[in-house]
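Examining the three-dimensional arrangement
These are the residues of each chain, in order.
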Amino acid sequence: MGLTLNTNSLNLAVTSDSSAASGVSTSDVTTLIKNNTPWQYIAQLTASSSTELEYTSIPSTFSTIRIMYDGLQFYQNSAVNMRLYLDGTLETGNLYRTAGMALSGASESNFYNTYTYWRPIDQYESGGTRHIMGFTDIGGNEKNKQKQMFNRISSVHSNVPTNYDSSGHLDTGSLNLVTGFRLYPASGNFTKGSIKIYGMN
């Protein structure tokens, strides 16, 4: 018994062998593919005059969550903030630490701060008619582990390329699981584009 690939899905080949019933099932194939694919798609959120992009149904089976920025644009230039939902409750305490570097052309700025949110984009222009791309990872999504953030985003400041490389951690919630997040500009709103959410075991 073999496997056949059509344009829509991976299917089991039909055989006349009576032993086929005891072979690999379609659900076995689906499970095998899922378990051996590093990043698994969860959802997509599309921006349209949105003051925030929020998702609150992250499965507890994922130890790492990735947020991919896909042409996300802003009404005005703004920093970008992020908060986590821990076991269904939005964490708003002054316990989010972020450290990193913003590089705009030849101008480099290092930063370290503690706020009531993580700040994936900290200082330079990231909005207007330009969009951001890149990703933010949230790790440590297990009991008795500290929640961490790793971030790589590119944009444009005036007319030169800009990069944001940062990491962070949350000084609370080690006993909780990440069930969601809220992503929002410090001012204005998201005008277009989307984010895609993935999980990894």
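Keep in mind that what you see is a predicted model, and the values were worked out from it rather than measured.

With respect to the overall build of the protein chain
Across its full length, the protein chain holds one helix and 15 strands. Scored against the burial criterion, the 201 residues of the protein chain give a buried share of 43%. Partitioning the contacts of the protein chain with sequence separation of at least 6, the portion at a separation of at least 24 is 69%. Surface exposure of the protein chain reaches about 10,200 Å², of which carbon and sulfur atoms provide 50%.

Re the sheet that holds strand β9 (residues 107-115)
Taken together, eight strands build an open sheet; the order of strands is β3-β15-β5-β11-β12-β13-β8-β9 and the sheet is antiparallel. Each having just a single partner strand, β3 (40-46) and β9 make up the two edges of the open sheet. Going from strand to strand, the sheet's axes swing by 15° on average, the running direction of each strand aside. Note: strand β11 (residues 131-139) against strand β12 (residues 148-157), seven bridges, orientation antiparallel. Looking at β12, one finds that Asp 137 is bridged to Phe 150.

Notes on the nonpolar core
Formed by 34 residues in total, the largest nonpolar core has its most connected members in Tyr 69, Leu 72, Leu 84, Phe 181, Leu 183 and Ile 195. Broken down by element, this core gets its largest block of residues, five residues, from strand β5 (residues 64-74). Once you skip the residues sitting within four places of it in the chain, Leu 84 turns out to touch Thr 89, Leu 90, Glu 91, Tyr 96, Trp 118, Ile 138, Lys 147, Leu 170, Val 178, Gly 180 and Phe 181.

Description of the pattern of salt bridges
Two side chains carrying opposite charge are able to pair once their charged atoms lie near each other. Tallied over the full model, the rule gives seven salt bridges. A salt bridge links Lys 196 to Asp 70, with the shortest nitrogen-to-oxygen separation between them at 2.6 Å. Remark: Asp 70 occurs in strand β5 and Lys 196 occurs in strand β15 (residues 190-200); sequence separation between them is 126 residues. A relative accessible area of 38% means that Asp 70 is categorised as partly exposed. Residues Arg 152 and Asp 165 are paired through a salt bridge, measuring 2.6 Å at the closest nitrogen-oxygen approach. Here the residue Arg 152 occupies a position in strand β12, and Asp 165 occupies one in strand β13 (residues 160-170), the gap between them amounting to 13 residues. For Arg 152, a relative accessible area of 44% gives the class partly exposed. One connected set of salt bridges, linked through shared partners, spans Glu 52, Glu 54 and Arg 182.

Description of unusual backbone geometry
If you check the backbone angles, Ser 49 has positive phi at about 55° while not being a glycine. Take Ser 49: it is sitting in the loop between β3 and β4 (53-55). The class for Ser 49 is exposed, based on a relative accessible area of 56%. In this model, Asn 144 sits at a positive phi of 65°, which is unusual for a non-glycine residue.

Description of the packing of aromatic side chains
Inspection of every chain in the model, using the stated rule, returns six aromatic pairs. Here Phe 74 and Phe 190 contribute two aromatic rings whose centre-to-centre distance is 5.2 Å and whose plane-to-plane angle is 50°, an arrangement assigned as tilted. With Phe 74 in strand β5 and Phe 190 in strand β15, the pair connects residues that are 116 residues apart, well separated along the chain. One exposure class covers both Phe 74 and Phe 190, and it is buried. Ring centres 6.2 Å apart and planes at 45° place the aromatic pair Phe 135 and Phe 150 in the tilted group. Highlighted residues: Phe 135 in strand β11 and Phe 150 in strand β12, separated in sequence by 15 residues. Here Phe 135 falls in the buried class, since its relative accessible area comes to 17%.

Conventions adopted
- Residues numbered from 1 in each chain as written.
- Predicted model: local features only at pLDDT ≥ 70, side-chain atom pairs only at ≥ 80, totals over all residues.
- Heavy atoms only, no water.
- Helix = DSSP H or I, 4+ residues; strand = E, 2+ residues; numbered from the N terminus.
- Buried < 20%, exposed > 50% of the residue type's maximum accessible area, 1.4 Å probe, protein only.
- Contact = heavy atoms within 4.5 Å.
- Areas by Shrake-Rupley, 256 points an atom, 1.4 Å probe, with all protein chains shown as cover.
- Pairing = 2+ DSSP bridges.
- Axes fitted to C-alpha atoms, helices over the stretch in contact; angles between N-to-C directions.
- Core = buried A, V, L, I, M, F, W, Y, C linked by side-chain atoms within 4.5 Å.
- Salt bridge = Lys/Arg side-chain N within 4 Å of Asp/Glu carboxyl O.
- Phe/Tyr/Trp six-rings, centres within 6.5 Å; stacked < 30°, edge-to-face > 60°.

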